[in-house]
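Take a look at the letters that make up each chain.
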Amino acid sequence: MAAGAVPASFTGLKSNENVLGFTKSMNFVRVSDLQRVKFRRTKVSVIRNAIPDQETIELQPASEGSPLLVPRQKYCESIYKTVRRQTCTVMVGNVALGSEHPIRIQTMTTTDTKDVAATVEQVMKIADAGADIVRITVQGKKEADACFEIKNTLVQKNYNIPLVADIHFAPSVALRVAECFDKIRVNPGNFADRRAQFEQLEYTEDDYQKELEHIEEVFTPLVEKCKKYGRAMRIGTNHGSLSDRIMSYYGDSPRGMVESAFEFARICRKLDFHNFVFSMKASNPVVMVQAYRLLVAEMYVQGWDYPLHLGVTEAGEGEDGRMKSAIGIGTLLQDGLGDTIRVSLTEAPEEEIDPCRRLANLGKRAAALQQGVAPFEEKHRRYFDFQRRSGELPAQKEGDEVDYRGVLHRDGSVLMSVSLNQLKTPELLYRSLAAKLVVGMPFKDLATVDSILLRELPPLDDIDSRLALKRLVDISMGVIAPLSEQLTKPLPNAMVLVTLKELSGGAHKLLPEGTRLVVSVRGDESQDELEILKSSDVTMILHNLPYTEEKIGRVQAARRLFEYLSENSLNFPVIHHIQFPSNTHRDDLVIGAGTNAGALLVDGLGDGLLLEAPVKDFDFLRNTSFNLLQGCRMRNTKTEYVSCPSCGRTLFDLQEISAQIREKTSHLPGVSIAIMGCIVNGPGEMADADFGYVGGAPGKIDLYVGKTVVKRAIEMEHATDALIQLIKDNGRWVDPPTEE
């Protein structure tokens, strides 16, 4: 790779009378020149910094084929093992945050803050469930006044759990509550900027500088007060509530999220206030991961070491919410990032504590063991922008008796392990695989399993079981069987599972010519062991590292495998194969799958999943697999919900309304619906949603299409029907399928 000294931050280049500089990077250094060098037989531009003695780091093309080289920034301590990022200690009341301390768990109350008794009761329940910190929304003067009574009552009851004030749009309220609460959460998108109208604004550099001066004027009194009272602060950017100013200048992007937070952080540092943490929340786990990585990369360049609060906002409820949170939070924990976490669920706040703890334990264990693999050089993974590595789907070959093109799906595949017992009741098996039945015969549907693994083939004389398998093969469902089974009880047109050792030994050559091979790879093999892949005709790879491995990290082993494949131009599809122990709790399975496979899929690494767990319900495993693919923004097989977790601002019973809406709309794959308790993040978080249901006033609902409000002040009892009618008016409604 070419190398050059680089500035702290950049988004692009501009030219003005032959003077080149970075656009949209206020308060960052300017670039003095570009040097042309040869890079992979091409002339490219290398960025060099005007300031001497800056760090020289590796550069890479800004995008595929780009003539501009940009820094390959460091975003974690190690890409080949989990090493917790070193951060300073931030005190939140009597609780210490940072790398020298445990990963702290927190949640947020859902009561009306003015109802002191109810809020105190809920805080005590949350503390008893094991939370370290509790956040309470404080939207006005009455709520701020109530906070003094809440704090005093809790202290009288011997509850000293730190309290955090959640502030939006109200600097004066923040100043008031800083006198009694332990931490203030400010949202850079709306603390000093006006509410976003999603307007494209034009700024000169002078105009922009004046806006920054305004922010400093509004924010400085709060910083000074936090210093005076020893309070902590969270600079908490939300993807859904970036200001028009930031979005106009940086785009609705992770870069904009980081810059928004940095504006406030620079003011804190200017005033010598360092008792703060960052967060970069989004309802899309892929955006959330990119934003945190970019934030940390910038902190490494700046030499900052502030702790991180992790969370996927508006994750939803049940296993959906746990899965989205695991994908986002778990991915970052695997890279040693994160000092305090919240799993935002549309459930009672105390219900968030258990999944929080399970995630924290995963991160703690990985960092304590420094799980990983031997060091390797990584050149191909894209850290900061999603670019999927799509494995080459199986193609038809001359002489094929069946169609193998459907054994994997272009948007992400789900494989399932099937037992001999299941073959004894073919129609039940077909339904379990989510196949559509017509007169008892299976056909693939939107969310049908793509391929199955049979660890044991039925005996040659078991005609019925073999007929059931033939019918699956006939609809282009892959059937995979181990080499030993296929050699002794051959099943026509089955794909054969071999280990790298078996592949090297040549035992597969005993199979009929043209047999499709599926190779199981751990990911920590030596380069010599992997070499056999170069000369093999492989239909797909199953990345399968035993779950019982203590020191070897599944995520790092997979990264190493993908690096080898990319370096050698091997485009085999890779399926993440995870075998959970029989005693695995359901939540641990969801969180473990989201963390171990999701951490790879958010980087575009992988083509599908095969989750196994003895005695676990088959439908649960299948649904978990499809949920994981959808959570990683791959294969969309059901209605997507962006559902906020509720707080004191919420204007209706979020859990009840969410259940009503889900019951009537869950059959609309490809449709995304946002259910938001209030307007704070509503329009922004609905950027990804097709339709929005937002609390506008007590008992009143506003309906949105995208970020645009189309109906206001609908009575609550009519709002769900009005939402359905809106979906119909926009041509997105289909009637629920009828049971056969």
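Our structure is the block above this text.
About the cut-offs
- Residues numbered from 1 in each chain as written.
- Predicted model: local features only at pLDDT ≥ 70, side-chain atom pairs only at ≥ 80, totals over all residues.
- Heavy atoms only, no water.
- Core = buried A, V, L, I, M, F, W, Y, C linked by side-chain atoms within 4.5 Å.
- Buried < 20%, exposed > 50% of the residue type's maximum accessible area, 1.4 Å probe, protein only.
- Helix = DSSP H or I, 4+ residues; strand = E, 2+ residues; numbered from the N terminus.
- Contact = heavy atoms within 4.5 Å.
- Phe/Tyr/Trp six-rings, centres within 6.5 Å; stacked < 30°, edge-to-face > 60°.
- Expected span 1.5 Å × (residues − 1).
- Bend = angle between axes of the 7 residues up to and from the residue.
- Axes fitted to C-alpha atoms, helices over the stretch in contact; angles between N-to-C directions.
- Parallel < 35°, antiparallel > 145°, perpendicular 65-115°, else oblique.
- Left-handed = near helix turned anticlockwise from the far one by under 90°.
- Salt bridge = Lys/Arg side-chain N within 4 Å of Asp/Glu carboxyl O.

> Got a minute to help me understand the nonpolar core in this structure?
When a protein is soluble and globular, its nonpolar side chains tend to lie buried together. Of all hydrophobic cores here, the largest spans 167 residues; its most connected members are Ile-167, Ile-184, Phe-219, Leu-222, Met-233, Phe-278 and Met-540. Element by element, the count of residues in this core is highest for helix 7 (residues 285-302), at 11 residues. Not counting residues up to four positions away in its chain, the partners in contact with Met-233 are Lys-183, Ile-184, Val-186, Phe-219, Leu-222, Val-223, Cys-226, Cys-268, Phe-273, Asn-275, Phe-276 and Val-277. In this structure, Val-642, Val-694, Leu-703 and Leu-726 belong to the second largest nonpolar core, which totals 28 residues.

> It is not clear to me how the packing of aromatic side chains should be interpreted in this structure. Could you clarify?
Aromatic rings in a pair are described by how distant their centres are and how their planes are angled relative to each other. Applying the stated criterion across every chain, the model contains 11 aromatic pairs. With a centroid separation of 4.9 Å and 55° between ring planes, the pair formed by Tyr-547 and Phe-580 is classed as tilted. In this pair, Tyr-547 sits in the loop between strand 25 (540-543) and helix 16 (554-567) while Phe-580 sits in the loop between strand 26 (574-579) and helix 17 (586-596), placing the two residues 33 residues apart along the sequence. The class of Tyr-547 is partly exposed, set by a relative accessible area of 27%. Three or more aromatic residues link up through ring pairs in this structure, and these residues are Phe-262, Phe-273, Phe-276, Phe-278, Trp-304 and Tyr-306.

> Honestly, helix 4 (residues 205-229) in this entry has me stumped. Any pointers?
Across its 25 residues, helix 4 extends 36 Å between first and last C-alpha, which sits within 8% of the 36 Å expected from 1.5 Å per residue. In the structure, helix 4 departs most strongly from a straight axis at Phe-219, where the bend amounts to approximately 35° and where the proline Pro-221 lies between one and four residues downstream. Looking at helix 4, one finds that the buried residues are Tyr-208, Leu-212, Ile-215, Phe-219, Thr-220, Leu-222, Val-223, Lys-225 and Cys-226. On its buried side, helix 4 packs onto helix 3 (171-177), strand 13 (183-186), strand 14 (232-238), helix 5 (244-250) and helix 6 (254-270). Downstream of helix 4 by a residue or two, Gly-230 has a phi angle that is positive, lying close to 70°.

> What's the story with the packing of helix 4 against helix 6 in this structure? I'm lost.
Packed helices, taken two at a time, are described by their axes: the angle between them and the distance between them. Across the interface, helix 4 lies against helix 6 with an axial gap of 10 Å and an inter-helix angle of 55°. The pairing of helix 4 with helix 6 is recorded here as oblique in orientation. Crossing handedness for the pair helix 4 and helix 6: right-handed. Contact residues: helix 4 offers Tyr-208, Leu-212, Ile-215, Glu-216, Phe-219, Thr-220 and Val-223, while helix 6 offers Glu-263, Phe-264, Ile-267, Cys-268 and Lys-270.

> Could you clarify how one ought to interpret the environment of Ala-315 in this entry?
Within the secondary structure, Ala-315 is located in the loop between strand 16 (309-310) and helix 8 (318-334). Ala-315 sits 10 residues away from Ser-325 along the chain, and the two C-alpha atoms are 6.5 Å apart. Among residues more than four places away in sequence, those in contact with Ala-315 are Asp-320, Gly-321, Lys-324, Ser-325, Ser-344 and Ser-643.

> Mind showing me how you'd approach the pattern of salt bridges here?
Between side chains of opposite charge, a pair can form when the charged atoms approach closely. Inspection of every chain in the model, using the stated rule, returns 49 salt bridges. Lys-114 is paired through a salt bridge with Glu-143; the nearest N and O atoms lie 3.3 Å apart. Within this pair, whereas Lys-114 is found in the loop between strand 10 (104-108) and helix 1 (116-129), its partner Glu-143 is found in helix 2 (residues 141-156), the two being separated by 29 residues in sequence. Given a relative accessible area of 8%, Glu-143 falls into the buried group. With a closest N to O distance of 3.0 Å, Arg-405 and Asp-403 form a salt bridge. Judged by relative accessible area, Asp-403 falls into the partly exposed class, the value being 32%.

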